[in-house]
Amino acid sequence: MRTDARTYSNGDTTLERMALEAGALGYGAIVAIDAPAGPLGGIRVIPGISISAPNPNKAMASLRKAPAGAFVTLQLGEAAFNRAAAALPGVHALSGAHLCRRHAFDHITARTAAERGVGVELLLEPLVQGRGSARQSTLRRYADLLVLHERYEFPFVLGSGAHSCLGLRAPRAASALCGLFGLDHDAVEAAFSGVEALMAPTSPVRVVA
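Residues numbered from 1 in each chain as written. Predicted model: local features only at pLDDT ≥ 70, side-chain atom pairs only at ≥ 80, totals over all residues. Heavy atoms only, no water.

Asker: For this particular structure, what's the right way to read the pattern of salt bridges?
Answerer: Note on pairing: side chains with opposite charge can pair once their charged atoms come close. The full count for this structure, using the stated rule, is 8 salt bridges. The partner of R83 in a salt bridge is D106, and the shortest N-O contact between them spans 2.5 Å. Taken together, the residues R83 in helix α3 (residues 79-85) and D106 in the loop between β6 (93-95) and α4 (107-116) connect sequence positions 23 residues apart. Residue classification places R83 among the partly exposed residues on the basis of a relative accessible area of 37%. (Salt bridge = Lys/Arg side-chain N within 4 Å of Asp/Glu carboxyl O. Helix = DSSP H or I, 4+ residues; strand = E, 2+ residues; numbered from the N terminus. Buried < 20%, exposed > 50% of the residue type's maximum accessible area, 1.4 Å probe, protein only.)

Asker: Mind showing me how you'd approach the pairing of strand β8 (residues 156-159) here?
Answerer: Regular strands place their side chains on alternate faces of the sheet. Taking every second residue as pointing to the same face, both faces of β8 are buried, with F156 and L158 on one and V157 and G159 on the other. Of the strand pairs in this sheet, strand β7 (residues 119-123) and β8 are connected by 4 bridges, and their pairing is parallel. What sits directly across from L123, in β8, is G159. (Pairing = 2+ DSSP bridges.)

Asker: Looking at this model, I keep getting lost on the packing of helix α7 (residues 171-179) against helix α8 (residues 185-192). Mind explaining?
Answerer: Two measures define how a pair of helices packs: the angle their axes make with one another and the distance between the axes. Put simply, α7 and α8 touch, their axes get as near as 9 Å, and they point 120° apart. Here α7 is positioned oblique relative to α8, judged by the angle of their axes. Between α7 and α8 lies a crossing whose hand is right-handed. Taken together, the residues of α8 that come into contact with α7 (itself represented by P171, A174, S175 and C178) are H185, V188, E189 and F192. (Axes fitted to C-alpha atoms, helices over the stretch in contact; angles between N-to-C directions. Parallel < 35°, antiparallel > 145°, perpendicular 65-115°, else oblique. Left-handed = near helix turned anticlockwise from the far one by under 90°. Contact = heavy atoms within 4.5 Å.)

Take a look at the structure:
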């Protein structure tokens, strides 16, 4: 089932309309930040929690407060924070890699994420709305992530980042956008299926070479 890993419930589109539009585009579920869970028009709404913290201790305090059943993302920052963030219990995916300095998400963070089954969120919004150097910077950061993904095999999840139904993108359009930094169609489909896998009971930690 395809899931849009990040939409917002406080934009200019009602949650119900967002879910219906996502369903019409071919999604079976959406993660809606700070929204209640429940089916809407046959579409599963998964509550999303986005955490931003200045240090791992503050992040851990916020993670403890996350409601059961929510998809929890943690905003990335500097390299030392990111290495710790990938190992924190309760994190489903790391977000905001396109806003980080180059190499702030490094091989240590990548290996830890892979071993602990923590995903990395790719947002379409900065590719759609970004212009000039900002868009090029996002493409470079995503391409860097793809190199690490191919080596360490941490999971990707894809989210539109939509604040309104106009920000949603059909899977075919999402695949074309992801092709700009080298993510192929099969990998896009896997990323759209990643949310429920990440929320499933944790598998044993694996060692990544």
